[in-house]
Amino acid sequence: MRRGNQSSVSEFLLLGLPIRPQQQCVVFTLFLGVYLTTVLGNLLIILLIRLDCRLHTPMYFFLSHLAFTDVSFSSVTIPKMLMDMHTEYKFIPYAGCISQIYFFILFGCFDNFLLAVMAYDRYVAICQPLHYTTIMREELCISLVAGSWVFCCIHALLHTLLLVQLSFCADNTIPHFFCDLTVLLKLSCSDISLNELVIFTEGGTLFILPLSSILASYIRIGTTILRVPSTKRLFKAFSTCGSHLFVVSLYYGTLAFVYFFSSSWDSNNKDVIASVMYTVVTPMLNPFIYSLRNRDIKQALEIVVNRANFLK
C-alpha cells in the first residue's frame, strides 16, 4: 500500500461474520455443512434432469440452470469465508475482490431473471395449456436463458468497470464476509455519484423488471383460475406453481424483511444477514423445495438409486 494523501490499496481486510471467537468452530462446521448440502443437492438435481428424459421439459431446463446458478452463487463467497475462519488470514487481494464483486453481481442478477422466466413458463402452462408446447419451444427457452446471461454479464461488467475507476484511501477494512459493492463505494476516496446513479437507475431497472414480470404472471394465473373456480383447478395450479412461488417468496420476502421491516438493526448487520440469506440459506433450500414436493424428481431419483443398486 503506498501511503500519502491517497493510497493505492493492494488488498482488503474482511472482518467476516459478527461472531465471538468461541463460536467460530461451531459456525464454521455449520456453514461447511450447509455449503456441502447446497453443492451436492443442486448438482444432484442437475444430474437427475440430465439422466431422465422425462425431465427434458422447459420447466426442468430452467430448474437445472437455477441449480447451477445456486451452486455458483454460493461458491463466490462461502469458500473464502470458510477459509478466513479456518486460517485467520482475512485479507483478499484487490484483483480477487473485484472478481468476487463481478461474479456476485452476475449470478445474483441471473437468479433474478431466471425466476421471472420460470414464472412466465408457469403462466403459459396454466393459462395457455393447449399452446404450451408451441410457445415454450426449445429455441425460445434457450433464447430466454442466453438473453438473461448476456444482460447480466453486461450489468455486472458495467458496475465492475465503474468500480475499478475509483481510488481507495488507507482504510481497507470491509465490515463483511465478502467484497460487497456498496461497502467498497463507502471506502472510496473518489466521487461515487456516477456509481450511485447507475446503481439506482440501471440496477434498479434490472431488479424491478423481473419482479414486475413475476407479479404480472401470477396475477394472470390468479385471474384465470378464479374465472372458473374449482378444487381441481386450484390443486393443479398449486402443484404446478407451488415450488416456484415458495422460492420467489423466500427470495424477495427476505429482502423486504431485512431492508424494510428491521429498522432497529445495525445497517452493517442488515447487509450481513441479507447476504447470508441469499448466498447460504436460499441456495441450500431450493433443492429441497423443488424435490420434496415434486413427484417427477422423486421418481427420477428412485430410478437412479435402483440402477445403482442393480449395478452393484
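Conventions used here
Residues numbered from 1 in each chain as written. Predicted model: local features only at pLDDT ≥ 70, side-chain atom pairs only at ≥ 80, totals over all residues. Heavy atoms only, no water. Helix = DSSP H or I, 4+ residues; strand = E, 2+ residues; numbered from the N terminus. Buried < 20%, exposed > 50% of the residue type's maximum accessible area, 1.4 Å probe, protein only. Contact = heavy atoms within 4.5 Å. Areas by Shrake-Rupley, 256 points an atom, 1.4 Å probe, with all protein chains shown as cover. Pairing = 2+ DSSP bridges. Axes fitted to C-alpha atoms, helices over the stretch in contact; angles between N-to-C directions. Disulfide = S-S within 2.5 Å. Core = buried A, V, L, I, M, F, W, Y, C linked by side-chain atoms within 4.5 Å. Phe/Tyr/Trp six-rings, centres within 6.5 Å; stacked < 30°, edge-to-face > 60°. Salt bridge = Lys/Arg side-chain N within 4 Å of Asp/Glu carboxyl O. Patch = residues over 30% accessible without salt bridge, like charges linked within 9 Å, V, L, I, M, F, W, Y side chains within 5 Å. pLDDT = per-residue confidence, 0-100. Expected span 1.5 Å × (residues − 1).

1. Quick notes on the overall build of the chain
Now for step 1: Of regular secondary structure, the chain possesses 10 helices and 3 strands.
Now for step 2: Counting from the amino terminus, the chain carries its helices and strands in the arrangement β-α-α-β-α-α-α-β-α-α-α-α-α.
Now for step 3: Within the chain, the fraction of its 312 residues that count as buried is 46%.
Now for step 4: Considering only contacts in the chain between residues 6 or more positions apart, those separated by 24 or more positions represent 77%.
Now for step 5: About 16,600 Å² of surface is accessible on the chain, with carbon and sulfur atoms providing 68% of the total.

2. Some details on the sheet that holds strand E2 (residues 91-93)
Now for step 1: Strand order in the open sheet formed by 3 strands is E2-E1-E3, and the pairing between neighbours is mixed. Pairing within the sheet leaves two strands with one partner each, and these edge strands are E2 and strand E3 (173-174).
Now for step 2: Bridge count for strand E1 (residues 11-14) against E3 is 2 bridges, and the pairing is parallel. When the sheet's bridge partners are listed, Leu13 is paired in E3 with Thr173.
Now for step 3: Packing of helix H3 (residues 94-127) onto the sheet brings it into contact with E1, E2 and E3, and relative to E2 it is tilted by some 85°.

3. With respect to the state of the cysteines
Now for step 1: Scanning the model with the defined rule gives 2 disulfides in all.
Now for step 2: Cys97 shares a disulfide with Cys179; S-S distance 2.0 Å. Across the disulfide from Cys97 to Cys179, rotation about the S-S bond amounts to roughly -125°, and the bridge is consequently left-handed. Residue Cys97 is found in helix H3, and its partner Cys179 is found in the loop between E3 and helix H6 (181-187); the two are separated by 82 residues along the sequence. Accessibility assignment for this pair places Cys97 and Cys179 in one class, buried.
Now for step 3: Linked covalently through their sulfurs, Cys109 and Cys152 form a disulfide whose S-S length is 2.3 Å. Its torsion about the S-S bond being -75°, the disulfide of Cys109 and Cys152 is classed as left-handed. Taken together, the positions of Cys109 in helix H3 and Cys152 in helix H5 (residues 138-164) put the pair 43 residues apart, joining distant regions of the chain. Like Cys109, the residue Cys152 is buried in the burial classification.

4. Notes on the nonpolar core
Now for step 1: Within the largest apolar cluster, 88 residues are counted, with the highest numbers of intra-cluster contacts made by Phe12, Leu163, Ile174 and Leu184.
Now for step 2: Sort the elements by how many residues they give to this core and H3 lands first, with 21 residues.
Now for step 3: Leaving out residues up to four positions away in the same chain, Leu184 has contacts with Phe12, Cys97, Ile101, Leu163, Phe168, Ile174 and Cys179.

5. Overview of the packing of aromatic side chains
Now for step 1: Counted according to the given criterion, the structure contains 14 aromatic pairs.
Now for step 2: Measuring from ring centre to ring centre gives 3.9 Å for Phe110 and Trp149, while their planes differ by 15°; the resulting arrangement is stacked. Here Trp149 lies in helix H5 and Phe110 lies in helix H3, a separation of 39 residues in the sequence.
Now for step 3: On the basis of relative accessible area, Phe110 is assigned to the buried category, the value being 0%.

6. Topic: the pattern of salt bridges
Now for step 1: Enumeration over the complete set of coordinates arrives at 3 salt bridges.
Now for step 2: Among the salt bridges present, the one from Lys80 reaches Asp84, with a minimum N-O distance of 3.0 Å. Of this pair, Lys80 and Asp84 both sit in helix H2 (residues 58-87), 4 residues apart, roughly one helical turn. Judged on exposure class, the residue Lys80 and its partner Asp84 are both buried.
Now for step 3: Salt-bridge contacts for Asp121 lead to Arg122; the nearest nitrogen and oxygen are separated by 2.5 Å.
Now for step 4: With a relative accessible area of 1%, Asp121 lands in the buried category.

7. Focus on a nonpolar patch on the surface
Now for step 1: On the surface, Leu44, Leu47, Leu51, Leu301 and Val305 cluster together into a nonpolar patch covering about 380 Å² of accessible area.
Now for step 2: Counting residues per element, the ones that place at least two in the nonpolar patch are helix H1 (24-51) and helix H10 (295-311).
Now for step 3: Sorting elements by how many residues they give to the nonpolar patch places H1 first, with 3 residues.
Now for step 4: If you trace the backbone, Val305 turns up in helix H10.
Now for step 5: The exposure class assigned to Val305 is partly exposed, which follows from its relative accessible area of 40%.

8. Focus on the confidence of the model for the chain
Regions with low pLDDT carry predicted coordinates that are not meant to be interpreted in detail.
Now for step 1: Summary statistics for the chain give a mean pLDDT of 84 and a share of 90% for residues scoring 70 or more.
Now for step 2: Looking over the chain, one finds the lowest element-wise mean pLDDT in helix H8 (residues 231-260), namely 73, and the highest in H5, namely 95.
Now for step 3: Per-residue pLDDT stays below 50 along residues 1-7; that stretch engages in 14 contacts with residues further than four places along the chain or on separate chains.

9. Let's talk about H3
Now for step 1: Taking 1.5 Å per residue, 34 residues should reach 50 Å; H3 reaches 50 Å between its end C-alpha atoms and fits that length.
Now for step 2: When you tally the buried positions in H3, you get 27 out of 34 residues, the bulk of the element.

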